[in-house]
Structures are given as structure tokens and as C-alpha cells.
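Fold and contact review
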Amino acid sequence: MSRPQILDMKSFRFLNFLFIISFLSCGGVDLIDDYVPPSLRITTPFTELTLGNSYTFTARYFDNVGDAVENASIQWESSHPELLQIDAQGNATPLKVGTVQIVATLTTPDGIVLTDEINLSIQSNVVLEPTPPETPVEEEMEMPVEEEMPMENTVTPTLSITNAISQITAATSYQFEVAYTDEMGNPATPPQVTWTSSNNDIIEVDANGTIQAIMSGTVTLTVSIQISSTLIQAHNQILVNAPVMEMITSFSGKVVSKSSYTLQGGFTLAESENGLILSLDEDYKASTALPGLYVYLSNNANTTAGAYEIGKVTVFAGAHSYQLPNSIELMDYQYILYWCKPFNVKVGEAKIYD
């Protein structure tokens, strides 16, 4: 009865020995430490904001194994609140042209304070009309006055837009101001003014002179007042430009081997109309000796647990690419991993961004 048990034990030891040899031949690693420092990352990579609009910033907290923690409590702060204000939900409103830093802060359950920051440039959403040059006043020669003639004390009232613009960015707003002089030539508060737009599909204007640029095009804005039987107007022709939002749309770097196997080459992860594309450059090269090489996206360079599996590697030299699903955003993952899947051993990696 004992003989079969001895044979089974020998077989088990032999198979275990073969497994260890195969495991070591794949990468030479038999222990994986999946710990990574917890991190907080701002995941809306704006680089430039425009006055007259609002923006929402987002950040994600990744724990000590690289897993995203949902509904984390994040605090937001602006380095210059007079230039940009941001609330507890990450909603930001630029107020003035300038440079500002937004800081996200989170305290982990272990009491570790994590921060991330992003530097932004705030640009004006309008181009002001150039101020016309002043006409030089010629000196008049004094002439003898033979006889004083009676003169009227009244002049024609005037109305003007004091902050006229030539251009504005679509999807932004702007507040106009006016100046009025009465029939005595004195600055005064104008009677009730009326604002109109020549095309409400391009620019809308309210009763207070606040405009909302909607889409590209050219519009004439008119402000009017009625003085007795006289209609007094001022006009401003405005070009509406398509909105421009400056953001980081791609990351590039190098794939490096973390084993004895050949793995190298440049990569680019970039946004496209159909989602992200991971492209490997012409200098890419990978060993064909591996039994099962797979590529992943991960937030932990030490393990594929919780990683997104792109697929099995079928191209081992030269340029090629992978189309990623629309559900994956540019800053969802920090690493590209190459992994010997049958034996769960790391072969190489690339860091997408810091």
C-alpha cells in the first residue's frame, strides 16, 4: 500500500522541479512585491484656460497596490484666487489673465498627505479693438472779436462702447460697458439702453450688455438709446473664433527590458477620434523566445493584478499599434507592462508619465 504513495511523491517533486526550472527560464524572478507608494494624480491635463468660461478638474487616488479608490475626498486650492477660483468639486473659474497653479490634496486612511499640482496659463477670450490715435490739436491764433454772438448751450448727446472688442472665443462670455454724454456735453448715466445682435445664433446679448458667444461667425452688436425723437446708437462688429482648449493629448517614452530578454523601443500613447492608440516605433524589438508575451496597462509596475490586458504580443519587430477602447482615458494608467503571462513574470515596462 505504501509503494504507490512513494511513487506519487516522487512524481510530485519531479513536476514541481520542472515547474521551477520553467518559471526561472522565463524571467529569473520568483517573488513579486506589488507594493507601490500611494499617489494622487490630477487627470485633466489642461495647460491653458480661457477667460469667460468654466472648467472642471478631476483627480484620482491610487492606493498602495495601484488600485483606484472611488469617491475619495479631495481638496482643491488655487495659488492665486484673484486669478482663478476653484471650489470643493474641482470647478474652476478663471478671473484674470496670468499664470496660476492648481493643487489637489488628499489624506489617506493611514494619515499620509498626498498632493499633485498643475501649472496653467490663463488667456484672454477677447481681442480689444485698438484705440484710435488721438488727433493732434492745432494751435489756434487769437483773433480779435468784433462782436459776441449768442450761442446755444446744447450739443447732440453721444453714446459709445468703451471696451469694444474685435474678436471673442466661442463658448465664452463678455461684459460690455458704455459711456454717455448728455445734451450739455456732460458725462451722465444713460437712459434705458437696448442691446441687439445681428445674429443671435452666433452671439446672444442680454439687457445688461453681457454677450455669450455661441459659434464661429461675424456679428454686429448694437446699443441704442432714444432721446426725444432721436435714436442714438453705437456699433461693434465682432468675429467669433472657434474655441481652443490647450490640453496634453499624448505621451511618449521608451520601453525597456526588466529581464534577460530583448525588449526595447519607443512608444506614443495618443488620443484619436476613436479612442486612445498605443503606437510602438520602428526601433521596437522583442525576443521571440518567450512562451507567452502579453502587453498591459497598469498603475503598478510590479504586477498585472488590476491591470488592463491589451493582448498577446504578435509583432516582435518594427512599428505597430494597438487601438484601445473609448472607456480608457489618457491618464488612467501610468505604466505599459510586458509580461510573461504563463509564468506571471515581468519582462519589461515603460512609464507613460510621471
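This write-up is about the structure you can find in this document. In this text, all values refer to a predicted model and were calculated from it rather than measured experimentally.

**Brief notes about the environment of N300**
With respect to the helices and strands, the residue N300 is situated in the loop between β26 (293–298) and β27 (308–312). Sequence separation of N300 and I336 is 36 residues, and the distance between their C-alpha atoms is 9.5 Å. Those residues in contact with N300 that lie beyond four places of it in its chain are D34, V36, V65, G66, Y335 and L337. Of note is the side chain of N300, whose polar atom sits 2.5 Å from the backbone oxygen of D34.

**Here's the deal with the sheet that holds strand β8 (residues 91–94)**
The sheet built from three strands is open, its strands ordered β3-β8-β7 with antiparallel pairing. Only two strands of the sheet have a single partner each, and these edge strands are β3 (55–56) and β7 (84–86). Where β3 meets β8, two bridges bridge the pair, whose relative direction is antiparallel. What sits directly across from T56, in β8, is N91.

**A closer look at the pairing of strand β6 (residues 75–78)**
On β6, burial follows the alternation: W76 and S78 on one face are buried, whereas Q75 and E77 on the facing-out side are not. By the bridge criterion, four bridges tie β6 to strand β9 (residues 98–107) in an arrangement that is antiparallel. Counterpart to Q75 in the pairing with β9 is T105.

**Thoughts on the nonpolar core**
Core analysis: the biggest nonpolar cluster contains 32 residues, and L278, L280, L297, I336 and Y338 have the highest contact counts within it. Of all elements in the fold, only β22 (250–257), β23 (263–272), β24 (275–280), β26, β29 (335–340) and β30 (345–351) reach the threshold of two or more residues within this core. With near-sequence residues (within four places) excluded, I336 lies in contact with F267, L278, V295, Y296, L297, G348, E349, A350 and I352. I161, F176, I202 and I227 belong to the second-largest nonpolar core, a separate cluster that totals 26 residues.

Definitions and cut-offs
- Residues numbered from 1 in each chain as written.
- Predicted model: local features only at pLDDT ≥ 70, side-chain atom pairs only at ≥ 80, totals over all residues.
- Heavy atoms only, no water.
- Helix = DSSP H or I, 4+ residues; strand = E, 2+ residues; numbered from the N terminus.
- Contact = heavy atoms within 4.5 Å.
- Polar contact = N/O pair within 3.5 Å; in protein donor to acceptor, adjacent residues only side chain to side chain.
- Pairing = 2+ DSSP bridges.
- Buried < 20%, exposed > 50% of the residue type's maximum accessible area, 1.4 Å probe, protein only.
- Core = buried A, V, L, I, M, F, W, Y, C linked by side-chain atoms within 4.5 Å.

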